[in-house]
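Each chain, written out:
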Amino acid sequence: MAPPPKRRRKDDQIEVIPNESSKSPVVVFAHGAGAPSSSEWMKRWKDMIGKALLAVDVVTFDYPYLSGGKKRAPPKAEKLAAAKYPGHPLILAGKSMGSRVSCMVAAKADSNVSAVICLGYPLKGSIASKREETLLQLPVPTIFVQGSKDALCSLEKLTAVRNKMETVNELHVVEGGDHSFKIGKKHLESIESTQEAAEEEAVKAITKFVREVLGEL
């Protein structure tokens, strides 16, 4: 018989936390610098990742500067998610800048993160050396999804950095994809495929990687 659902009192109301399998992860998904969590891209990938990983929840948030606030540290969404779903593996995912933030959080000694999903890691830039160092400090398994035509991260450079990383890491390349994995019409016609098919393959790679990581816990 399954144990009863957990109950937590919150402002005179009872919040019920369902008893999904403890292997089902909770995902904290950080957006990039150019668009908020409510963007169509973020909503689509949130849905795809959540369904593929059978996640108990995919938590998104917006950085304070998007609403005119100061550029301060982002909200501790990962700690709130871990507290709400105790016993579930914590996965951090991010788009562009969000992937770098996810890596920085995962590198903290008290993060208790099981894996990181980097969707278009921005390795190129004025602080490229710092962005590389962030990856070298990662202690948890990480998967990179990168477009082969991503102007912010050459695959050659990323491969060189990955070879120096001490943690387990994998790379899935979206052929013809840009920084947001958008593939040109001519390229899609040449390979007789679709944007949707390319994204589905990326999600499959993410799912396989995460399942292998969680299977080792």
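Residues numbered from 1 in each chain as written. Predicted model: local features only at pLDDT ≥ 70, side-chain atom pairs only at ≥ 80, totals over all residues. Heavy atoms only, no water.

Some points on the pairing of strand β7 (residues 142-147)
Put simply, side chains in a regular strand alternate between the two faces of the sheet. The test is simple: Per-residue accessibility, obtained with a 1.4 Å probe over protein chains only, is compared with the maximum for each type, and a residue is labelled buried under 20%, exposed over 50%, and partly exposed between these values. A run of DSSP states H or I qualifies as a helix once it reaches four residues; a run of E qualifies as a strand once it reaches two. Both are numbered from the N-terminal end. Strands are labelled as partners when DSSP assigns at least two bridges between them. We call a crossover right-handed when, viewed with both strands directed away from the observer, the connection leading from the first strand over the helix to the second proceeds clockwise.
Counting buried positions along β7 gives six out of six residues, so the element sits mostly inside the fold. Covered by surrounding structure in β7 are Thr142, Phe144 and Gln146 together with Ile143, Val145 and Gly147, the residues of both alternating faces. With four bridges joining them, strand β6 (residues 115-119) and β7 adopt parallel strand pairing. Each bridged residue has a counterpart across the sheet, and for Leu119 the counterpart in β7 is Val145. Examined bridge by bridge, β7 and strand β8 (residues 169-174) share six bridges and lie parallel to one another. The residue bridging Val145 from the neighbouring strand is His172, located in β8. The β-α-β motif built from β7, the intervening helix α5 (residues 155-164) and the parallel element β8 has right-handed crossover chirality.

What to know about the packing of aromatic side chains
What counts here: Centre distance within 6.5 Å is the pairing criterion for rings of Phe, Tyr and Trp, where only the six-membered ring of Trp is used; planes under 30 degrees apart are then read as stacked, over 60 as edge-to-face, and the remainder as tilted. Charges are assigned to positions over rings by a cutoff of 6 Å between ring centre and Lys NZ or Arg CZ, combined with an angular limit of 35 degrees from the ring normal.
Following the criterion strictly, the structure yields five aromatic pairs and no others. On the numbers, 6.0 Å between centres and 45° between planes, the contact of Trp41 with Phe181 is tilted. With a gap of 140 residues between them, Trp41 in helix α1 (residues 40-53) and Phe181 in the loop between β8 and α6 (185-191) connect regions that are remote in the sequence. Neither residue differs from the other here; Trp41 and Phe181 are each classed as buried. A ring pair is formed by Phe61 and Tyr63, whose centres lie 5.4 Å apart and whose planes are at 75°; its orientation type is edge-to-face. What makes Phe61 buried here is its relative accessible area of 13%. Among the aromatic residues, those joined into a cluster by ring pairs are Trp41, Trp45 and Phe181. Here the guanidinium or amino end of Lys95 rests over the ring plane of Trp41, the centre of that ring lying 5.3 Å away.

Some remarks on the sheet that holds strand β5 (residues 90-95)
Formally: Angles here are taken between N-to-C directions and fall from 0 to 180 degrees, while the axes themselves are lines fitted to C-alpha atoms, restricted in helices to the stretch in contact. In this analysis, two residues are considered to be in contact whenever any of their non-hydrogen atoms come within 4.5 Å of each other.
Here we have six strands laid out as an open sheet, ordered β4-β3-β5-β6-β7-β8, and parallel in their pairing. The open sheet has two edge strands, β4 (57-60) and β8, and neither has a second partner. Direction aside, the axes of adjacent strands within the sheet are offset by 15° on average. Here helix α7 (residues 195-215) sits on the sheet in contact with β5, β6, β7 and β8, set at roughly 170° to β8.

A short note on the side chain of Ser37
Residue placement: Ser37 occurs in the loop between β3 (26-30) and α1. Under the relative-accessibility criterion, Ser37 is labelled buried at 14%. What Ser37 contacts, discounting residues up to four positions off in sequence, is His31, Met42, Lys43, Thr60, Phe61 and Asp62.

A closer look at the confidence of the model for the protein chain
Under the convention used in this document: The pLDDT value tells you how sure the predictor is about a given residue, anywhere from 0 up to 100.
In this model, the protein chain carries an average pLDDT of 86, and 82% of its residues clear a pLDDT of 70 or more. Counted against residues more than four places away or in other chains, residues 1-19, with its pLDDT under 50, gives 25 contacts.

A few points about the environment of Asp57
Its place among the elements puts Asp57 in strand β4. Remark: the alpha-carbon pair of Asp57 and Ala81, spanning 24 residues in sequence, is separated by 8.5 Å. In this view, Asp57 contacts Pro25, Val26, Val27 and Tyr85; residues no more than four positions away in its chain are not counted.

Points about α1
For clarity, the threshold we go by: The span one expects for a helix is its residue count, reduced by one, times 1.5 Å.
Here α1 contains 14 residues, and its C-alpha end-to-end distance of 20 Å stays within 8% of the 20 Å for a straight helix at 1.5 Å per residue. Looking at α1, one finds that the buried residues are Trp41, Met42, Trp45, Met48, Ile49, Gly50, Ala52 and Leu53. Looking at the buried side of α1, the elements it contacts are β3, β4, β5, β6 and α7. The first or second residue beyond α1 is Leu54, which carries a positive phi of 55°.

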